[in-house]
Amino acid sequence: MTDPVSRTILLLDIEKYSDRDDVEQAYLRRMLYGISDSALESAGIDETLRLRADRGDSVMELIDANASVTALLRALLTEVPVQLRAVNRMASSSAQIRLRAVLATGYVAVDELDGWVGSDLNHACRLLDAGLLRAALRERKDDFALCVSEGVHSGIVRHGHPGIPAEDFHPITVTSKNGPLKAWLHGPVPGGREDHRETAPGGSGDRPAPGPAPAPAYDFRGADVRVDGGFVGGSHHGISGGTFHGDVTIGGDA
């Protein structure tokens, strides 16, 4: 295995790919490759600066750290939406292509089988697969949803470079088996809340973790009540889980 080296990580995934037949899938893959190539070329990143891995419904690009991430992000925000509109304008309803994307940076090694290894790459893949990013694309009229890592945001987005409006990115937190992952979503956050967090399943399976026990219920109907040294009189129902201190008389004369 090679030593880990700093890379820019670009992931693109086709929405509802498995719902299509073989002919449609082959067409969508051609469109995905064309869109990816166009974005990278417009950012000045040629084939000598990148490695590509095919994942069927998605493509993974490892890009040399010397290539401009700023130019690539600008291309993702401008070139990719233009390409998608052009493709979908001429495609039938069954051949429409919509994409989720993640742009991240990190250290990645290549093993002897040409496999890619690195926790930063794993985190990027989990962002791509996050329900929050899927929901963002599903709720939009346009055909593209982009998420960037904390590193890309702090190093590039927040500085407001031309063509990269920082105010259009919103903080999100997604769950993973390695704990919460913070990232930044371009465009509206599902539910309209910033720093939106996915709900993590708790307990066993997908059931939510047990909440706190309900508060004790007291139902004193028509009663005069004094607690801590007083009395309870009159009609009373459904007393459970309470504690009374002092002299307490229920009914009768106090």
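Located above this text is the structure these notes cover.
Now for a quick tour of the structure.

Quick notes on the rules
Residues numbered from 1 in each chain as written. Predicted model: local features only at pLDDT ≥ 70, side-chain atom pairs only at ≥ 80, totals over all residues. Heavy atoms only, no water. Phe/Tyr/Trp six-rings, centres within 6.5 Å; stacked < 30°, edge-to-face > 60°. Lys NZ or Arg CZ within 6 Å of the ring centre and 35° of its normal. Core = buried A, V, L, I, M, F, W, Y, C linked by side-chain atoms within 4.5 Å. Buried < 20%, exposed > 50% of the residue type's maximum accessible area, 1.4 Å probe, protein only. Helix = DSSP H or I, 4+ residues; strand = E, 2+ residues; numbered from the N terminus. Contact = heavy atoms within 4.5 Å. Salt bridge = Lys/Arg side-chain N within 4 Å of Asp/Glu carboxyl O. Expected span 1.5 Å × (residues − 1). Polar contact = N/O pair within 3.5 Å; in protein donor to acceptor, adjacent residues only side chain to side chain.

### Let's talk about the packing of aromatic side chains
Okay, step 1: All chains considered together, the criterion is met by zero aromatic pairs.
Okay, step 2: Sitting above the plane of the Y33 ring, R52 keeps its charged end 4.3 Å from the centroid.

### Observations concerning the nonpolar core
Okay, step 1: Among the nonpolar cores identified, the biggest contains 37 residues, and L72, L73, I97, L103 and V148 are the most heavily contacted of them.
Okay, step 2: Mapped onto this core, the elements with two or more residues apiece are β1 (5-14), α1 (22-42), β3 (58-64), α2 (69-90), β4 (99-110) and β6 (144-149).
Okay, step 3: Of the residues forming this core, the biggest block, 10 residues, is contributed by α2.
Okay, step 4: When residues no more than four places from it in sequence are discounted, the contact partners of V148 are L73, L103, H153, V157, F169, A183 and W184.
Okay, step 5: Within the second largest apolar cluster, 27 residues are counted, among which are L121, A124, A130 and C147.

### Structural notes on the pattern of salt bridges
Okay, step 1: All chains considered together, the criterion is met by nine salt bridges.
Okay, step 2: The partner of E61 in a salt bridge is R52, and the shortest N-O contact between them spans 2.7 Å.
Okay, step 3: R52 sits in the partly exposed class, given a relative accessible area of 29%.
Okay, step 4: Three or more residues joined by partner-sharing salt bridges are found here, namely D37, R50, R52 and E61.

### Comments concerning α1
Okay, step 1: For α1, which comprises 21 residues, the first-to-last C-alpha distance of 30 Å matches the rise-based estimate of 30 Å (1.5 Å per residue) to within 8%.
Okay, step 2: Inspection of α1 places E24, Q25, L28, L32, I35, S36, D37, S38, A39 and L40 among the buried residues, and these make up the whole buried set.
Okay, step 3: Where α1 is buried, its residues contact β1, β2 (50-54), β3, α2 and β4.
Okay, step 4: With a side-chain oxygen positioned 3.1 Å from the backbone nitrogen of V23, the residue opening α1 is D21.
Okay, step 5: Positive backbone phi, approximately 80°, marks G44, located one or two places after α1.

### Some points on the environment of V87
Okay, step 1: Examined against the element boundaries, V87 turns out to sit in helix α2.
Okay, step 2: Classification of V87 by relative accessible area gives buried; the value is 14%.
Okay, step 3: C-alpha of V87 to C-alpha of I35: the two residues are 52 residues apart in sequence and 9.3 Å apart in space.

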